[in-house]
Amino acid sequence: MQNSIRTPYDRVVMAVPVTIPYVRYSIESAQWWIGRALKALVDGAGITPRDIDGFCVSSFTAGLDSGISLTQHFGLCVRWIDTIPLGGASAIAAVRRAARAVQAGDARIVACVAGDTNHVDSFRYTLENFSRFNQDAVYPYGAGGANASFALIARNYMRTFGARREDFGKIAIAQRSNALRNPHALMKAPLTIEQYMSARPIADPIHLFDCVMPCAGAEAFIVCREDVAKSLNLPSIRILSTIERHNAFPNDPIQVRGGWELDIDELWSMAGLKPSDVDFVQTYDDYPVISMMQFEDLGFCAKGAGPDFVRSHTLTNDGTFPHNTSGGQLSVGQAGAAGGFLGLVEAMRQLTSQPLGSQVPNANACLVSGFGMINYDRGLSSCAAVLARPA
């Protein structure tokens, strides 16, 4: 089926990247973390809460509170609202929806926020109640959580395309190197290939350093018109193109590709760029195998060439293919739904020359991807965006 030509995101921008530093465990609620992010947005933009007339929120641990409940909790009065339950795909979905609302005049300043807490038992409770599929068909059999599912995906990918654990290790090690310059990263020590290879198995072939660390934290940004950002004297970035796809390739026995593959030509065509034109890439990295899969599906190499692509590139911020420049979830931590915002917020920082860690040289354009909602043998949601500095 032919895709219709979409309206570009002209004169809509993103601004005010916010990170509330992560902690391993927190006695505070998700609402507390989201509130801190909102306060940081207001302070960073030099506005008042009354100036926010659009609100988009993502969280796994906010309980019964959706965006509408939180407006009362935080004293917001908005004319556009959305609650996005897409996990690692939530940030780019938020950008897409908020940008169209701003473009249509339904909102002037949209606050996009993701935050989660991590009590001692939060992660277990989230896994147990993640979905009806998880409750009925996975958790009762001792396979609760993503580790077993991604072990299945990783093993199948390795068997199909010849990837080795050392290839996944190169991704994790480069991200750890990037994270060492990030003061907010929870992983503070360098990681060697010997440490990676000898780490204890979790669900073979997934070992310890293939897994993200659950934690508490929040990420946020605003979406507004370019003239609004200029009137507030805010550095901003352009949205060149986006794609989003759910439940792609349902007939694949085990996932070896995501929905990006269906829409990648549209992503690059709408952006007016090609993969070699971007200066860095932020993939959703709940496990290294998923980042490798995205290198293929996002157009940086052919399907099945991910292992060779990783072997032939340097993935650190000063390398030939800067990837997950803040350290990604593998080294910064995964603050629930905020993990899906981490790469996007870091991309905004890189493109406005205010990164938390080291700056990628001559960073003018980037690609950010999202991936989420794992059931058993696949993630259901995938998305991507191409972003750039002001023209």
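Note that the structure is predicted; figures quoted are calculated from it, not measured.

J.: Quick one: what's the story with the pairing of strand 7 (residues 216-225), residue by residue and with numbers?
T.: Counting buried positions along strand 7 yields nine of ten residues, so the element is predominantly enclosed. Strand direction decides the pairing type here: strand 4 (residues 109-116) and strand 7, joined by eight bridges, are antiparallel. Its bridge partner being in strand 7, Val113 is matched across the sheet by Ala220.

J.: Got a sec to walk through the packing of aromatic side chains? Specific residues and values, please.
T.: Tallied over the entire structure, the rule returns eleven aromatic pairs. Between the aromatic rings of Trp32 and Trp33, the centroid separation amounts to 5.0 Å while the plane-to-plane angle is 85°, which identifies the pairing as edge-to-face. Through successive ring pairs, a cluster of aromatic residues spans Trp268, Phe295, Phe300, Phe309 and Phe321. When the ring centre of Tyr9 is taken as reference, the NZ or CZ atom of Arg100 above it lies at 3.9 Å. Sitting above the plane of the Phe249 ring, Arg257 keeps its charged end 3.6 Å from the centroid.

J.: Can you break down the packing of helix 3 (residues 90-104) against helix 14 (residues 339-351) residue by residue, with the values?
T.: Two elements in contact, helix 3 and helix 14, have axes separated by 7 Å at closest approach and are oriented at 65°. Side by side, helix 3 and helix 14 meet where Ser90, Ala91, Ala94 and Val95 of the first sit next to Gly340, Phe341 and Leu344 of the second. For the contact of helix 3 with helix 14, the per-class residue count stands at five nonpolar, two polar and no charged.

J.: I'd like to hear about helix 10 (residues 260-271), residue by residue, with values.
T.: An α-helix turns once per 3.6 residues; consequently, residues spaced three or four apart project the same way. Taken as a whole, helix 10 has its buried residues at Trp260, Asp263, Ile264, Glu266, Leu267, Trp268 and Ala271. Gly272, located one to two residues past helix 10, shows a positive phi value of around 70°.

J.: So what's going on with unusual backbone geometry? Which residues, and what values?
T.: Going from Asp204 to Pro205, the amide bond is cis rather than trans, its omega being 10°. Tracing the backbone shows Pro205 in the loop between strand 5 (201-203) and strand 6 (206-207). Here Arg11, not a glycine, exhibits a phi torsion of approximately 65°, which is positive. Structurally, the position occupied by Arg11 is in the segment before strand 1 (12-23). Positive phi, normally seen in glycine, also occurs at Val16, with a value near 60°.

J.: Account for empty space enclosed by the protein, with residues named and values stated.
T.: Rolling a probe over the atoms, with the probe sized like a water molecule, indicates the empty space that remains. Under the criterion given, the structure shown has five cavities of 30 Å³ or more. As a volume, the largest cavity reaches approximately 100 Å³. Contributing to the lining of the largest cavity are 15 residues, with Thr283, Asp285, Gly339, Leu342 and Gly343 lying nearest its centre. Counting residues per element, the ones that place at least two in the lining of the largest cavity are helix 13 (328-332), helix 14 and strand 10 (365-374).

J.: Account for the pattern of salt bridges, naming residues and giving values.
T.: This structure, assessed with the given rule, holds 18 salt bridges. A salt bridge links Arg97 to Asp82, with the shortest nitrogen-to-oxygen separation between them at 3.7 Å. Of this pair, Arg97 sits in helix 3 while Asp82 is found in strand 3 (residues 80-83), placing the two residues 15 residues apart along the sequence. When its relative accessible area of 21% is taken as the criterion, Asp82 is described as partly exposed. For Glu244, the salt bridge is made with Arg97, and the minimal N-O distance between the two is 2.9 Å. With Glu244 in strand 8 (residues 236-246) and Arg97 in helix 3, this residue pair connects regions lying 147 residues apart in the sequence. Judged by its relative accessible area of 29%, Arg97 is partly exposed.

J.: Can you break down the side chain of Gln294 residue by residue, with the values?
T.: Take Gln294: it is sitting in helix 11 (residues 288-297). You can call Gln294 buried: its relative accessible area is 0%. Excluding residues that lie within four positions of it along the chain, Gln294 makes contacts with Trp260, Thr283, Tyr284 and Ser369.

J.: Break down the sheet that holds strand 10 for me, citing the residues and quoting the values.
T.: As summarised here, the arrangement of the nine strands in space is 3-2-4-7-1-8-11-10-9, forming an open sheet in which the pairing is mixed. Sheet topology places strand 3 and strand 9 (280-282) at the edges, where each strand pairs with a single neighbour. The sheet shows a mean angle of 20° between the axes of neighbouring strands, direction not considered. The sheet strands contacting helix 10 are strand 8, strand 10 and strand 11 (379-388), and the helix crosses strand 8 at an angle near 155°.

J.: Run through the nonpolar core, naming residues and quoting values.
T.: Nonpolar side chains tend to gather and get buried jointly when the protein is soluble and globular. Of all hydrophobic cores here, the largest spans 50 residues; its most connected members are Phe168, Phe300 and Leu367. Secondary structure elements with two or more residues in this core: helix 6 (146-161), helix 7 (165-179), strand 8, helix 10, helix 11, helix 12 (306-311), strand 10 and strand 11. Sort the elements by how many residues they give to this core and helix 6 lands first, with six residues. Setting aside residues up to four positions removed in sequence, Phe168 forms contacts with Tyr157, Met158, Ala163, Tyr196, Asp210, Pro288, Val289 and Met292. Among the nonpolar cores identified, the runner-up in size contains 48 residues, and Trp80, Ala89, Ala337 and Ala363 belong to it.

About the cut-offs
- Residues numbered from 1 in each chain as written.
- Predicted model: local features only at pLDDT ≥ 70, side-chain atom pairs only at ≥ 80, totals over all residues.
- Heavy atoms only, no water.
- Buried < 20%, exposed > 50% of the residue type's maximum accessible area, 1.4 Å probe, protein only.
- Helix = DSSP H or I, 4+ residues; strand = E, 2+ residues; numbered from the N terminus.
- Pairing = 2+ DSSP bridges.
- Phe/Tyr/Trp six-rings, centres within 6.5 Å; stacked < 30°, edge-to-face > 60°.
- Lys NZ or Arg CZ within 6 Å of the ring centre and 35° of its normal.
- Axes fitted to C-alpha atoms, helices over the stretch in contact; angles between N-to-C directions.
- Contact = heavy atoms within 4.5 Å.
- Nonpolar A, V, L, I, M, F, W, Y, C, P; charged D, E, K, R; others polar.
- 1 Å grid on protein atoms, 1.4 Å probe; cavity = no way out; pocket = protein on both sides within 12 Å on 5 of 7 lines; lining within 4 Å.
- Points joined across faces, edges and corners; volume = space filled by probe spheres on them.
- Salt bridge = Lys/Arg side-chain N within 4 Å of Asp/Glu carboxyl O.
- Core = buried A, V, L, I, M, F, W, Y, C linked by side-chain atoms within 4.5 Å.

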